[in-house]
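Next come the chains, spelled out residue by residue.
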Amino acid sequence: MKHRFEIHLLRDEAPAGDPDTYEYELGFFEDGLLEGVGRKARSAKTDKGVKSFCEFGLFHKGMLHGPGLREGSKGEPTYIGFFDHGEIVSPGSVSGMDVKPLEDFTVREGNETYAVTMAKQYRMHTKYGEIKMVFGTYSGTLVHFISGPQVHPLRNPHPYVQIHLKKGEKELLSIVMDHHLDGGPYVKTHDAYGFNEVIWVGSDVPFRRFHFEDVTVPQGKTSINGTLYDGFYSVRLYLPKSVQKINPYAITEPKKWMRFVEIFYEGTKEEWGKIDKEKTYSESHEDWYGSYYHGSDRYVGGEKTDTFPAKCSLIAVHCSDGDIEGFYYSTFFGTEDPE
């Protein structure tokens, strides 16, 4: 069964003034459980500071099952590798996993180049795509997390790990953990298709953009001059056909994260195009560098135009005769689980 990307927001104390306390699950779901690429995270403010936990990777029945990452608060162990029903295991012990030693290679970080030795590559084909994992060593420090029958977390100072999950040319999951200049490990993700933004975020704050609240404009309303929504989340906006003018800033700009807006409009696409949604204004800024070094004008600028929903990302406008799609609609919210 195919299913769509969504968020289950289990707890969020931001509306009560505590943005550091929350719990959510993000990804693809089946029967209410994560199934496929996903992320779990929770955070809580304690007497000793903020305590956090996250899991990121391939899930089956709500548990990490395949390549993934488990990470706690600062000072707690990080596990990265292959999981079997929530427990990390040696990828070499997994049935169907192809193992191949690799020649030594180098990794460049800033102005430094580090040698990776004793690397092994693990490959496996699944219904989600091809899994490829590489584990190696930096400066002679073994990274592989297996020591006899016991599983250990990755340890400093020089881990190097790569994990990819690809469906054809599309990368669904990508994790790189390597040496940080201050001596600690860190995680980087990259994905041209946007899943790094959706599933893995460097700060958990942006998860709120994937939780939607409904806002309905009353029938007969012709002009929206004030604010419709100034909360913490993204918006599903229901507009009657009677609306002729919308303030570009009717949905306020969030201070710490980008907001999505999805619009359900009773009129046609042509009628949507006729609604007054723009505001033109003059804007200037000081160009001290150009003025001092090149003799150009100290203040530069000109006219700018904002269009509703300004400062937010429009997913789509659903009209009576079809949809006007934004970038995020087709890239994220129209995405089905790649089975």
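Treat the numbers as computed from the prediction; the structure is a model and nothing was measured. (Residues numbered from 1 in each chain as written. Predicted model: local features only at pLDDT ≥ 70, side-chain atom pairs only at ≥ 80, totals over all residues. Heavy atoms only, no water.)

Quick look at the environment of Y79
Reasoning step 1: Looking at the secondary structure, you find Y79 in strand 6 (residues 78–84).
Reasoning step 2: With relative accessibility at 22%, the residue Y79 sits in the partly exposed group.
Reasoning step 3: Linking Y79 and E55, residues 24 residues apart in sequence, is a C-alpha distance of 9.5 Å. (Helix = DSSP H or I, 4+ residues; strand = E, 2+ residues; numbered from the N terminus. Buried < 20%, exposed > 50% of the residue type's maximum accessible area, 1.4 Å probe, protein only.)

Quick notes on the sheet that holds strand 3 (residues 33–46)
Reasoning step 1: Overall, antiparallel pairing links the seven strands, which are arranged 1-2-3-4-5-6-7 in an open sheet. The sheet is open, and its two edges are formed by strand 1 (5–12) and strand 7 (87–89), each paired on a single side. The mean inter-strand angle of the sheet, taken between neighbouring strand axes irrespective of direction, is 25°. (Pairing = 2+ DSSP bridges. Axes fitted to C-alpha atoms, helices over the stretch in contact; angles between N-to-C directions.)

Quick notes on the pairing of strand 25 (residues 322–325)
Reasoning step 1: Bridge count for strand 24 (residues 313–319) against strand 25 is four bridges, and the pairing is antiparallel. Bridge pairing links H318 to D323 in strand 25.
Reasoning step 2: With antiparallel pairing between neighbouring strands as the criterion, strand 24 and strand 25 make up a hairpin whose turn holds two residues.

Brief notes about the pattern of salt bridges
Reasoning step 1: This structure, assessed with the given rule, holds eight salt bridges.
Reasoning step 2: When the shortest N-O distance is used, the salt bridge between D18 and K45 registers 3.7 Å. Note that D18 is positioned in the loop between strand 1 and strand 2 (22–30) and K45 in strand 3, a separation of 27 residues in sequence.
Reasoning step 3: With relative accessibility at 17%, the residue D18 sits in the buried group.
Reasoning step 4: Given a relative accessible area of 49%, K45 falls into the partly exposed group.
Reasoning step 5: Measuring nitrogen to oxygen at the nearest pair gives 3.6 Å for the salt bridge that ties E271 to K241. On the criterion of sequence distance, the pair formed by E271 in helix 2 (residues 269–274) and K241 in the loop between strand 19 (234–239) and strand 20 (245–246) is long-range, its members being 30 residues apart.
Reasoning step 6: For E271, a relative accessible area of 28% translates into the label partly exposed. (Salt bridge = Lys/Arg side-chain N within 4 Å of Asp/Glu carboxyl O.)

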